[in-house]
Amino acid sequence: MEEAAATVPELRLEGNRLFQEGRYEEALEAYTRALRLCPPEPRPCPERALLLRNRAAAHLKREDYAQAELDASKAIQADGCDVKSLFRRSQALQKLGRLDQALRDLQRCVSLEPKNRAFQEALRSLGSSLQEQMSAMSCTDSKVEQMLRLLLDPEERDLDKKQKAAQNLIVLAREEPGAEKIFQSDGVRLLLQLLDMGRLDTMLAALRTLTGLCQGHRSRTMAILAELGPQRLCTALEVEDEQVSLVTYSLLQVMFDSLKEGLQRDVHGKDSALVLEGSKELKWLLKQLLEALTRDSISSYGRDSILNLLISVVPRKSLQAPNNSLTVWVIDQGLQKILEVGGTVRHSPGGLRVTEDTHMSAAVLLSKLYKDLKCDAERENFCRLCEDYVRSWFEGHDVAGKLRAIQMASCLLQGPSEAGNRVLELSGIMESILALCASSREADQLVAVEALIHAADKAKRATFITTNGASLLKEIYKHSERDTIRIRALVGLCKLGSAGGTDFSMKQFAEGSTLKLAKQCRKWLCNDALEAGTRYWAVEGLAFLTLDADVKEELVEDKVALQALFQLARDRPEFVHRRVRKLLAAGVVSALSCMVKREDPSLSPACRELISRVFLAVVEDPEDRGAVVAHGGGKALIPLALEGTETGQTKAAQALAKITITTAPEMAFPGERIYEVVRPLVSLLHVNRPALQNFEGLMALTNLAGTSEQLRQKIIKEKAVPMIEGYLFEEHEMIRLAATECMCNLVLSPEVAELFLVEGSDRLKLLVLYSGEEEERLRQAASGALAVLTSLLPQICIRIPQVTVHWLEILQALLLSSSSELQHRGAVVVRNMVAADKEVAAKLMESETLEILAILASAEDKPSVRSVAKECLAQAVTYGLIKPRPNGAE
């Protein structure tokens, strides 16, 4: 008979018993199982808060402070007067370095239980810690000014020092206390001086720091906006540099969000009374951007940033929201300016500077504005304004004006097609498009053919084009000398051929024509000599033609075409890297960090996994990791690595490893946060993980182990040492090397060092043998570990000759190495062995080691090696094993 399933109270009591016995992992599992049996929220369950409180206590014992805070917070949500949960959360918050929040919880505990001495003592202790923190913060003013002065100093030539100062300033601005200190220390004025210097590096530093100051703080944003002024905004947007434009976009986005939503950080109450209504500043900022949109001095990247910003901030986030006044205002103030950008012919003399993406961005903005309108009257007004503006260019100008009008129509057809179709119905537009398709000027022909392609989407228009322009498109395809125009003409024919979809009665061409067109598209697609952009047009043609079943069948049978299609769809690394850079500059790390920090209800395990995947992608390039840390990415990754799906946790842990490998741990994870990184990194060492994750986990732990004894103890406590030892025997040379380097740092801890004295263990033998390997980095790591071990434990010195008969040969090879570092490590090991035991020293002096040491002792070009070699010889003289030289040298 099967045993009855345990109930919630039984599991809780079982967890309590395990907790009392110090078996915290098992207690945690019991509480978690009990919580799974509780009815789902919001249904009441008296046991839930108690279980969460107990689980928080288990997390505290395991030093998992982030999870302890999370569970305690959930328990407090169920019962705001749960004094034990409040106390446990305050303990977790203290360890996480959030002392102000911990103080609030402790004050609440004391108010609920005024006579509780434990609470009173904890409050006094925390008060002292806060005073120390305030004392440390008081010197932040001078640090901020020092960093800004360093960046402003034209005499300072040390670029590394300047880069570090800029990075530190950005990091400071990302946290509320640091941002407030910068703001109060006249930092804005100094940052604007940095901006005015006009150098790319100082501009980027200033813009990123200003972004941190404005993040979620409306009063600071309004003050900074007043100081910044329209001229400086335009100056940043005039720089023909993609990165500057993206960082400016990020700053403006944050400004808009702060003006619209107010405070987002934990400063509720203190700021709202001081802030005026932000809509005035919001419209002022929008007006400046709309005016800049058509200014000649604005760079092509700056123009794209303005368009993308308008797309993001103007339309309602939800059509259910009642107020679309901002959209109506932008249409009234700036629709003509947006159309002017959309109608700019690229590379035309005297035209606005635009990128290959500008027209599509303008089309998307127009579409978003149109869709945000609430009634037929508003939509009719939008279409009428578009018609009037296009007509003014078409009727009142020469060929160049007509070309702009056609480009505007093309832009509208890609965006709000209803307005685009109305424009095409204007007298003479379609006829002009057809006429310009036959133009001898290639630029005119390109604009006209594209407009014709977009116009062919509608069956009504397709019939007109088939009657009046199909033969013209065929002529262009056959006789044009430019591939860019020929492929567009082919796509136009494909659209006409697919008009009517699967309705045979609406087909524009004779039967079999679509197969011929598809064959030509496949030919273009498979031509590797063509640019990718040209081949993409061939794919677009096939996208229309594959409505025909026969075309699909032929494409499926054409393996070469399918292979070319897959190859074209696969991203090249440089494109991926470029997109990552754009995302970073646009503030993706800050956005994701905010999502994680707020514990949004929509943050499901699957969503957390996706965020972890994004973080892993953006830290792939070592050069980007500093920016990720500066924007709060390191802090956000820790909870992602501790909670969620197994895949999500692993991806976050791997991202943490990449950051830890190349960034100083104390900078990337300040305060107590650094200890929370250890567990995710250790999880990467499990044998079921891929080799790359094993390697990166070992490398990251190596960096941590070299930081402090407290971190080494944390690594030991997480039971990582046996796993690291296992990888010392790994066949993969890079993993073996990483494990050896990690052990080299871990043996600085006496607890790990003593493992090498255990009888029957091959640990010491392995290090000695690795010191004689050919791979120099492996020899450095192994000999470094030996140098540390022989310094800490004299018994190791006596054991070395016993573990392998090759010990003397290996030590001599180290001393004779061409690498000064290997020579020094070998000399340190020999010195320690000579000092530890006279018998061992005698063996060394009876060999060729004596001659080698004598040579090294006179090596003027290697002072550190020379000094250690002299110590070895001096100790041998003391033992009476050798005689001093007549001149007093050994």
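Residues numbered from 1 in each chain as written. Predicted model: local features only at pLDDT ≥ 70, side-chain atom pairs only at ≥ 80, totals over all residues. Heavy atoms only, no water.

1. Examining the state of the cysteines
- Overall, the coordinates contain 0 disulfides when judged by the stated rule.
- With no disulfide partner, C742 has as its closest neighbouring cysteine sulfur the one in C744, 9.7 Å distant. (Disulfide = S-S within 2.5 Å.)

2. Description of a positive patch on the surface
- A cluster of basic side chains, namely K260, K317, K368 and K371, defines a positive patch on the protein surface.
- Note on placement: K368 falls in helix α18 (residues 358-371).
- Owing to a relative accessible area of 40%, K368 belongs among the partly exposed residues under this scheme. (Patch = residues over 30% accessible without salt bridge, like charges linked within 9 Å, V, L, I, M, F, W, Y side chains within 5 Å. Areas by Shrake-Rupley, 256 points an atom, 1.4 Å probe, with all protein chains shown as cover. Salt bridge = Lys/Arg side-chain N within 4 Å of Asp/Glu carboxyl O. Lys, Arg positive; Asp, Glu negative; His and termini not counted. Charge placed at Lys NZ, Arg CZ, Asp CG, Glu CD. Helix = DSSP H or I, 4+ residues; strand = E, 2+ residues; numbered from the N terminus. Buried < 20%, exposed > 50% of the residue type's maximum accessible area, 1.4 Å probe, protein only.)

3. Focus on the pattern of salt bridges
- Applying the stated criterion to the full structure yields 43 salt bridges.
- Among the salt bridges present, the one from E380 reaches R422, with a minimum N-O distance of 3.0 Å. In this pair, E380 is assigned in helix α19 (residues 376-395) and R422 in helix α21 (residues 417-424), connecting sequence segments 42 residues apart.
- For the salt bridge of R763 with E725, the shortest nitrogen-to-oxygen distance reads 2.1 Å.

4. Here we look at the nonpolar core
- L213, M255, L286 and F382 are the most contacted members of the largest nonpolar core, which has 131 residues in total.
- If you tally residues by element for this core, the top one is helix α14 (residues 242-261), at 10 residues.
- Setting aside residues no more than four positions away along its own chain, F382 makes contact with I331, L335, L366, L369, Y370, L373, P416 and A419.
- Counting residues in each nonpolar core, the second largest holds 108 residues, with L685, L698, V788 and A869 among its members. (Core = buried A, V, L, I, M, F, W, Y, C linked by side-chain atoms within 4.5 Å. Contact = heavy atoms within 4.5 Å.)

5. Re the packing of aromatic side chains
- Taken as a whole and assessed by the stated rule, the structure comprises 3 aromatic pairs.
- Ring geometry for F19 against Y24: centres 5.3 Å apart, planes inclined by 65 degrees, an arrangement best described as edge-to-face.
- The side chain of R404 reaches across the aromatic face of W393, ending 4.5 Å from its centre. (Phe/Tyr/Trp six-rings, centres within 6.5 Å; stacked < 30°, edge-to-face > 60°. Lys NZ or Arg CZ within 6 Å of the ring centre and 35° of its normal.)

6. With respect to the environment of M595
- Note on placement: M595 falls in helix α32 (residues 588-598).
- Classification of M595 as partly exposed rests on a relative accessible area of 31%.
- Sequence separation of M595 and R608 is 13 residues, and the distance between their C-alpha atoms is 9.5 Å.

7. Quick look at the side chain of S361
- Assignment of secondary structure puts S361 in helix α18.
- We classify S361 as buried; its relative accessible area is 10%.
- Sequence-distant contacts of S361, that is, excluding residues within four places in its chain, are made with L307, N308 and I311.

8. Quick word on helix α35 (residues 633-642)
- Burial of α35 is extensive: 8 of the 10 residues sit out of reach of the surface.
- Taken together, the buried positions of α35 are G633, G634, A636, L637, I638, L640, A641 and L642.
- Two residues or fewer after α35 comes G644, characterised by a positive phi angle close to 130 degrees.

9. Some words on the packing of helix α33 (residues 605-618) against helix α36 (residues 646-662)
- Here α33 crosses α36 at 25 degrees, and the two axes come no closer than 8 Å. By the angle class used here, α33 and α36 are roughly parallel. Crossing handedness for the pair α33 and α36: left-handed. Residue-level contacts link E609, S612, R613, F615 and L616 of α33 to T647, G648, K651, A652, Q654, A655 and K658 of α36.
- Looking at the contact of α33 with α36 residue by residue, the class counts come to 4 nonpolar, 4 polar and 4 charged. (Axes fitted to C-alpha atoms, helices over the stretch in contact; angles between N-to-C directions. Parallel < 35°, antiparallel > 145°, perpendicular 65-115°, else oblique. Left-handed = near helix turned anticlockwise from the far one by under 90°. Nonpolar A, V, L, I, M, F, W, Y, C, P; charged D, E, K, R; others polar.)

10. Here's the deal with unusual backbone geometry
- In this model, E63 sits at a positive phi of 65 degrees, which is unusual for a non-glycine residue.
- Along the chain, E63 turns up in the loop between α3 (46-61) and α4 (65-78).
- Take E63: its relative accessible area is 25%, and that puts it in the partly exposed class.
- Backbone geometry at K719 places phi at a positive 60 degrees, although glycine is not the residue there.
- Within the element layout of this structure, K719 appears in the loop between α41 (709-717) and α42 (721-727).

11. Overview of the environment of E395
- Structurally, the position occupied by E395 is in helix α19.
- The sequence separation of E395 and G428 amounts to 33 residues, and the corresponding C-alpha distance is 9.4 Å.

12. Digging into helix α47 (residues 794-803)
- For α47, the complete set of buried residues consists of I796, C797, R799, I800, P801 and V803.
- Looking at the buried side of α47, the elements it contacts are α45 (763-770), α46 (776-792), α48 (807-815), α49 (820-836) and α50 (838-845).

13. Regarding the side chain of T804
- Within the element layout of this structure, T804 appears in the loop between α47 and α48.
- Here H806 takes part through its backbone nitrogen, which lies 3.2 Å from a polar atom of the side chain of T804.
- With sequence-adjacent residues up to four places away left out, T804 is seen in contact with V768 and L769. (Polar contact = N/O pair within 3.5 Å; in protein donor to acceptor, adjacent residues only side chain to side chain.)

14. Overview of the packing of helix α28 (residues 532-545) against helix α30 (residues 559-569)
- Packing of α28 against α30 brings their axes to within 11 Å, and their N-to-C directions diverge by 125 degrees. For the element pair α28 / α30, the angle class is oblique. When the axes of α28 and α30 are compared, the crossing they make is left-handed. Contacts between α28 and α30 involve A532, R535, Y536 and V539 from the former and A564, L565 and L568 from the latter.
- A class-by-class count of the residues in the contact of α28 with α30 yields 6 nonpolar, no polar and 1 charged.

15. Topic: the confidence of the model for the protein
- Looking at the protein, pLDDT values average 83 and 89% of them are 70 or higher.
- In the predicted structure, residues 262-278 sits below a pLDDT of 50 and forms 30 contacts with residues beyond four places in sequence or in another chain.
- When the criterion is pLDDT under 50, residues 501-506 qualifies, and its contacts beyond four places in sequence or with other chains add up to 6 contacts. (pLDDT = per-residue confidence, 0-100.)

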